[in-house]
Amino acid sequence: MENNDLMEKIVSLCKRRGFVFPGSEIYGGFANSYTYGPYGVGLKNNIKALWWKKFVQDREDVVGMDGPIILHPRVWEASGHATGFNDALVDCKNCKKRFRADHLVEDATGQDLEGKPEEMKKVLDEQVDCPNCGKRKWTEVRNFNMMFKTQLNTTDDEAEQMAYLRPETAGAIFIEFKNVLDSARVKIPFGIAQIGKAFRNEIVAGNFIFRLREFEQMEIEYFIRPDADWEKIFNEWLDAQVEFAMELGAKKESLRRYEHPKEKLSFYSKKTIDVEFNYPFGFKELFGLAHRTDYDLTNHAKFSGQKLEYFDAEKNERFVPHVIEPTFGLDRSILVALLSAYVEEDVNGETRVVMKFPKNLAPVKVAVFPLLKNKPELVKKARSIYEKVKSRFVCEFDDNGNVGKRYRRQDEIGTPYCVTVDFDTLEDNTVTVRDRDTMEQVRVAVKELPEWIDSHLNGSEK
Ligand code: ATP
């Protein structure tokens, strides 16, 4: 399958089957905004739950929190976002299309000129034609701050107050460092985890849900002693990130690690590595991992006037912890799960499209069908089974069309098990259970069905 085809197929399946809809569609659409539909929100919630279980519940050293989207504006001065969170943009004077100048330069020359607008402009004028219209008429390269601004208290007689929608979730974590320390019994090394929306006014959004202006992040700030063996801790987090990507369904060969070269690192960072995935449009960032030293806590202490330190009672020492930051994009995780699950199989000369999600991520676990819609006794029995199963597993009842059509629909949703009630059921109280991946069918006693499903979903079946 051609890669572009795969992306197109995913986008169309997502719309057709209710995973992801283009945003504000009835108003003619709204660029780069998307709605997670009935199955998309199921998949998204399952990914969040998997992440929370793996990185918070299963770990003694990580606690969770949920902070506001709009924080005190000083937070972004302290973090450097107010002045430094810029992308370089350039417009084509001929067709008026806008581009990321650094991306154009990098594509044309392989050079990374981030932060050097004049040099970028020189390369553009000498070597780069507009990818849209083919002309070479560039404006100056300008810095563009990517934070969304909003106003508080905008009644006439009150001074307008400017605030930002957070461009990452991490800021909210750092400013609660002391509260968490004082309220939860955490001992260094420890982490604080958060899942939530972040907003960036991306100059060029696109590639479906890969680059959005409004997206969700799952982030951990992991605080360590300044003299800790940080490389070991860093590598453990990196392995955990790769493991999580594989739990989304990514194959090992579709993942790689990209270490940011020393000269490109922010001045405070000791090491930054991206976990990249091979999307249909090439290897690009999925997750990031950075050693941020004591930069954030030190700056928030400076800007807030509050001490943000850790007291080690055993060693009778007070210090500002260093931090390792594993960050995960939720929307990119969803995209990876969708791309990795998509399979086309030839079945008796016909193409079967099936989403082979890891079973724990599948938005629907079981579908129950009566063999025939117009046989009330079958429908009644199927409904009673559906009622029994649905409080334990996300379950759908379907009596539309024929069974073949229902299978096709559930395959595209990625439902691991389909249960069919037929005339034998009325005799011996057993049903047919069909496996999504093998398409094999087995007879299971109705009274054993919930346990059967449970053990097959979690892989503990005999
Ligand atoms: P990129 O280089 O792709 O712009 P970034 O390095 O700016 O990403 P980070 O600041 O490290 O990204 O953000 C952490 C994570 O948040 C990323 O690994 C990615 O999964 C996700 N993310 C960042 N920007 C977006 C976006 N515009 N849309 C969707 N997800 C995003």
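Scroll up to find the structure.
Only a predicted model underlies this, so the values are computations on that prediction, with no experimental measurement involved. (Residues numbered from 1 in each chain as written. Predicted model: local features only at pLDDT ≥ 70, side-chain atom pairs only at ≥ 80, totals over all residues. Heavy atoms only, no water.)

**A closer look at the overall build of the protein chain**
What counts here: Secondary structure is summarised from DSSP: a helix means a run of H or I of at least four residues, a strand means a run of E of at least two, and numbering begins at the N terminus for each. The contact definition used throughout considers only heavy atoms, calling two residues in contact when any of these lie within 4.5 Å. Note on areas: these come from Shrake-Rupley sampling with a 1.4 Å probe, and a residue is covered only by the protein chains present in the view. In this tally, Asp and Glu contribute negative charge and Lys and Arg positive charge; neither His nor the terminal groups of the chain are included. Here the site of a charge means atom NZ of a Lys, CZ of an Arg, CG of an Asp or CD of a Glu.
Each helix and strand counted, the protein chain has 15 helices and 23 strands in total. A separation of at least 24 residues holds for 64% of the contacts in the protein chain among residues at least 6 apart in sequence. With an accessible surface of roughly 23,200 Å², the protein chain has 47% of that area assigned to carbon and sulfur atoms. One finds the centroid of the 69 positive side-chain charges in the protein chain at a distance of 3 Å from the centroid of its 77 negative side-chain charges.

**Details of the pattern of salt bridges**
Rule in force here: When a carboxyl oxygen of Asp or Glu is within 4 Å of a side-chain nitrogen of Lys or Arg, the pair counts as a salt bridge. Categorising residues by exposure relies on relative accessible area from a 1.4 Å probe, with only protein chains included: less than 20% of the type maximum marks a residue as buried, more than 50% marks it as exposed, and the intermediate range marks it as partly exposed.
Following the criterion strictly, the structure yields 42 salt bridges and no others. Between Asp125 and Lys121 there is a salt bridge, with the nearest N and O atoms lying 3.3 Å from each other. Of this pair, Asp125 and Lys121 both sit in helix H6 (residues 117-127), separated by four residues, roughly a single helical turn. A salt bridge links Glu345 to Arg352, with the shortest nitrogen-to-oxygen separation between them at 3.0 Å. Assessed through its relative accessible area of 7%, Arg352 is described here as buried. Each of Glu345, Arg352, Lys356, Asp411 and Arg434 takes part in one network of salt bridges that share partners.

**Things to note about the sheet that holds strand E12 (residues 271-279)**
This is how the line gets drawn: Any two strands with at least two DSSP-identified bridges between them are counted as paired. A fitted line through C-alpha atoms serves as each axis, taken over the contacting stretch for helices, and the angle formed by two N-to-C directions is quoted from 0 to 180°.
Taken in spatial order, the seven strands make up an open sheet running E3-E9-E10-E16-E13-E12-E11, and their pairing is mixed. Each having just a single partner strand, strand E3 (62-64) and strand E11 (255-259) make up the two edges of the open sheet. Each strand axis lies, on average, 25 degrees off the axis of its neighbour in the sheet, ignoring direction. Of the pairings in the sheet, the one linking strand E13 (residues 282-291) to strand E16 (residues 322-329) comprises five bridges and is antiparallel in character. Bridging across to E16, Gly288 finds its partner in Thr327. The sheet strands contacting helix H2 (residues 38-57) are E3, strand E9 (190-199), strand E10 (214-224) and E16, and the helix crosses E10 at an angle near 0 degrees.

**A closer look at the site of the ligand**
Keep this limit in mind: By convention in this text, a residue qualifies as near a molecule or strand provided that one of its non-hydrogen atoms is within 4 Å of it. Any pair of N or O atoms that falls within 3.5 Å is considered a polar contact. Within protein, one atom must be able to donate a hydrogen and the other to accept it, and sequence-neighbouring residues count only if both atoms are side-chain atoms. Charged means Asp, Glu, Lys or Arg here, nonpolar means Ala, Val, Leu, Ile, Met, Phe, Trp, Tyr, Cys or Pro, and polar covers whatever is left, Gly included.
Taken together, 14 residues sit near the ligand, with Glu202, Arg211, Leu212, Glu285 and Leu286 positioned nearest. Take Gln217: an N or O atom from its side chain is 3.3 Å from an oxygen atom of the ligand. A distance of 2.6 Å is found between an oxygen atom of the ligand and a side-chain nitrogen or oxygen belonging to Glu285. Within the complex, 80% of the 590 Å² of free accessible area of the ligand lies under protein. Per-element tally for the shell around the ligand: the top contributor is E13, with four residues. A per-class count over the shell around the ligand returns five nonpolar, four polar and five charged.

**Looking at the pairing of strand E17 (residues 342-347)**
Direction of pairing for E17 relative to strand E18 (residues 350-355): antiparallel, over a ladder of six bridges. In the strand pairing of E18, Val347 is matched with Glu350. Turn length for the E17-E18 hairpin, with the two strands adjacent in sequence and antiparallel, is two residues, and the turn residue Asn348 shows positive phi of about 50 degrees.

**Re the environment of Arg318**
Inspection of the secondary structure puts Arg318 in strand E15 (residues 317-319). Take Arg318: its relative accessible area is 56%, and that puts it in the exposed class. Separated by 166 residues in sequence, Arg318 and Leu152 place their C-alpha atoms 38 Å apart. If we skip the residues at most four places from it in the chain, Arg318 touches Glu309, Tyr310 and Phe311.

**Overview of unusual backbone geometry**
A cis geometry characterises the amide bond from Ile188 onward to Pro189, with omega recorded as 0 degrees. The topology assignment puts Pro189 in the loop between helix H8 (177-183) and E9.

**Considerations on helix H15 (residues 449-457)**
Every α-helical turn comprises 3.6 residues, leaving residues that sit three or four positions apart pointing alike. Burial runs high along H15: seven of the nine residues are buried. Along H15, the residues classified as buried are Leu449, Pro450, Trp452, Ile453, Ser455, His456 and Leu457. Turning to H15, the residues buried within the fold contact strand E19 (366-370), helix H12 (376-389), strand E21 (417-421), strand E22 (430-435) and strand E23 (441-445). Looking one or two places after H15, you find Gly459, whose phi comes out positive at around 75 degrees.

**Thoughts on the packing of aromatic side chains**
Heads up, the condition is: Think of it this way: a Phe, Tyr or Trp ring, Trp meaning its six-membered ring, pairs with another when their centres are within 6.5 Å, and the plane angle makes it stacked under 30 degrees, edge-to-face over 60, tilted otherwise. Look at NZ for Lys and CZ for Arg. If either is within 6 Å of the ring centre and within 35 degrees of the ring normal, a charge sits over the ring.
For the structure shown, the criterion picks out 31 aromatic pairs. Pairing Trp51 with Trp52 gives two aromatic rings, centres 6.3 Å apart and planes at 45 degrees, and the pair type is tilted. Trp52 sits in the partly exposed class, given a relative accessible area of 30%. Pairing Phe55 with Phe328 gives two aromatic rings, centres 5.2 Å apart and planes at 45 degrees, and the pair type is tilted. Pair noted here: Phe55 is in helix H2 and Phe328 is in strand E16, with a separation of 273 residues, a long-range link. The pair formed by Phe55 and Phe328 is uniform in burial state, with each residue classed as buried. Lying over the aromatic face of Phe210, Arg332 brings its terminal NZ or CZ to 3.7 Å of the ring centre. The ring of Tyr407 carries the charged tip of Arg434 above its face, separated from the ring centre by 4.2 Å.

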